Amino acid sequence: MSVSTVAADQSVCAPLPVLGRDVTVPLVTGGEVTYAALDYAASAPALQRVWDDVAAYAPYYGSVHRGAGYLSQLSTDLFENARRTVAEFLDCRAGDQVVFTRSTTDSLNLLAAALPDDCQVFVFETEHHASLLPWCDARVTYLDAPRSHREAVTTLERALADREPYGPALVCVTGASNVTGELWPVRELAAAAHAHGARIVLDAAQLAPHHPVSVRDLDVDWVAFSGHKLYAPFGSGVLAGRSDWLREAEPYLAGGGASRKVSRRTDGGVDVEWHDSAARHEAGSPNVIGAYSIASACKALTEAGFDTLVAREQHLVEKVRAGLAEVPQVRVLSLFGDDAPRVGVISFVVDGWNSSHFAAALSAEYGIGVRDGLFCAHPLVRTLLGSDPQTQGECGAPEAAPGEKSLNAIRVSFGAGTPDEHVERFVRAVRELVTDGAKWNYRTEDGRCVPDTSA
């Protein structure tokens, strides 16, 4: 679909209602403006539909799974129905499990704890830390950043072919980069993994909010994502996929809910029989509201139609990219090139600007919220910036004053709730800041660039 066609469809494709869409924020230069939330890749605003569903359930809040009362039974049904809704959203296979977790990070750490002995893990350096770091107890091969889809597949094939001994193996890959927004060739990587006897887990934190994710079609073994990027509140996530490794592993947490039967032995010890269902890794009182909110978001996105959502988002992507291309001082970061398909996540640097300073000016002078730093993907951003691997940097802004060189970038991200005006204001603000400079003075405070209000 061309940009002009998508633009013509905007009258029938409005942004989905989200919380905070009418919030106003003060400007350091005076007055107030409606806040432009353009940091969806970190946390997307909750859909109004999700919030309304949670509010409707709240009076019926009750314990789950073993309560005899009406509210407990209702909450149990709601919790387990949420599991089925997520399984349908992900197009899971028969026999797959859906485990509710706290986040993508929690999901991947759970899977890491369930790896068979002597499992080898293969992960590209381009991953978010949530999928780069959990494998410390396994033998890990870190793969260099590829510069094309073909190179990604051949790099993985070569690494898998060279592995010794030939035992269990797991490949971990992102669906869409949290830095560049570029889509990865998940189906082809899954085929390569399976051809060499390995399994694959998909980090869909940045993919699931923007594109349909089918476990069956992509042929991945597991998928992980977070509720707070899927237009649900903080504190909930999902690990879905094959049950055997999860069923055979020790429970992620030991406690009530994970245990089927506990008895004392004659020697005074305790024998435990653990569940072999998803409950095995959901010890303690579950986050019912979190699970319900994820299910609500899954329903809302499905009903809105991903074809429509993707088309509208691509309209916004092209609008931002075209605007940034008109500013010579801006360099957009990319692994796979300008023509690579991507979601609404774009990172860039501006010649002559400290990225923290630029982001602070966008917020203070234009009411635009973006992210600056290394985006918890340090190796990838360093590779894209061409910096030395030993150069210091942080997930947030480094301690560099306005105008000083810094190892960080700026990220603008958006999605189903973003109106055209927000990205248009962003493009205009970038152009004005580069052309005219900031209207205010800034200083570094506690590692962040902030407006200097001391004058």
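Report on the accompanying structure.

Basis of the calculations
- Numbers given to residues run from 1 along each chain, matching the order in which its sequence is written.
- For a predicted model such as this one, the threshold for reporting local features is a pLDDT of at least 70, and the threshold for listing and counting side-chain atom pairs is 80 or more; totals across whole chains, interfaces and linings nevertheless cover every residue.
- Excluded from the side-chain calculation are hydrogens and water; included are all heavy atoms of the structure.
- Aromatic contacts are taken between Phe, Tyr and Trp rings whose centres are within 6.5 Å, Trp giving its six-membered ring; a plane angle under 30 degrees counts as stacked, one over 60 as edge-to-face, and the others as tilted.
- With a 1.4 Å probe rolled over the protein chains alone, any residue whose accessible area is under 20% of its type maximum counts as buried; one over 50% counts as exposed, and the rest are partly exposed.
- Numbering of helices and strands runs from the N terminus, with a helix taken as a DSSP run of H or I at least four residues long and a strand as a DSSP run of E at least two residues long.
- A side-chain nitrogen of Lys or Arg and a carboxyl oxygen of Asp or Glu constitute a salt bridge if their distance falls within 4 Å.
- N or O atoms closer than or at 3.5 Å make up a polar contact, with two conditions inside protein: a donor-capable atom paired with an acceptor-capable one, and, for residues adjacent in sequence, both atoms drawn from side chains.
- Here a residue-residue contact requires only that any non-hydrogen atoms of the pair lie within 4.5 Å.
- Paired strands, in this sense, are two strands between which DSSP finds at least two bridges.

A few words on the packing of aromatic side chains. As enumerated under the stated definition, the model contains 11 aromatic pairs in all. Ring geometry for Tyr57 against Tyr61: centres 6.5 Å apart, planes inclined by 40°, an arrangement best described as tilted. Note on Tyr57: relative accessible area 4%, which makes it buried. On the basis of relative accessible area, Tyr61 is assigned to the exposed category, the value being 56%. Ring geometry for Trp184 against Phe336: centres 5.4 Å apart, planes inclined by 65°, an arrangement best described as edge-to-face. With Trp184 in the loop between strand 7 (169–174) and helix 7 (186–195) and Phe336 in the loop between strand 13 (330–332) and strand 14 (345–350), this pair connects stretches of sequence that are 152 residues apart. With relative accessibility at 6%, the residue Trp184 sits in the buried group.

In a structure, side chains of opposite charge can pair up when their charged atoms sit close to one another. As enumerated under the stated definition, the model contains 27 salt bridges in all. Of the charged contacts in the structure, one is a salt bridge between Asp420 and Arg312, with a shortest N-O distance of 2.7 Å. Here Asp420, found in helix 14 (residues 420–436), pairs with Arg312, found in helix 11 (residues 306–325); they are 108 residues apart in sequence, far enough to count as distant. Between Arg443 and Glu445 there is a salt bridge, and its shortest N-O distance comes to 2.6 Å. Given the relative accessible area of 30%, Arg443 is considered partly exposed. Put simply, Arg312, Lys319, Asp420 and Glu424 are held in one network by salt bridges that share partners.

For Ser355, the position within the fold is in helix 12 (residues 355–366). Exposure remark for Ser355: the relative accessible area of 3% places this residue in the buried category. Remark: the alpha-carbon pair of Ser355 and Ala114, spanning 241 residues in sequence, is separated by 40 Å. For Ser355, the side chain forms a polar contact with the main-chain oxygen of Asn408, separated by 3.1 Å.

Before going further, it helps to spend a moment on the side chain of Ser72. Looking at the secondary structure, you find Ser72 in helix 3 (residues 70–89). What Ser72 contacts, discounting residues up to four positions off in sequence, is Gly62, Ser63, Val64 and Gly67.

Attention now moves to the pairing of strand 10 (residues 237–241). Regular strands have side chains that alternate between both faces of the sheet. Strand 10 sits mainly inside the fold: 5 of its 5 residues count as buried. Side chains Gly237, Leu239 and Gly241 of strand 10 all project onto a buried face; the interleaved residues Val238 and Ala240 project onto the opposite face, where all are buried too. Here strand 4 (residues 97–101) pairs with strand 10 via 5 bridges, running antiparallel. Residue Val98 lies in a different strand from strand 10, and its bridge partner there is Ala240. Here strand 9 (residues 222–226) pairs with strand 10 via 5 bridges, running antiparallel. Each bridged residue has a counterpart across the sheet, and for Trp222 the counterpart in strand 10 is Gly241.

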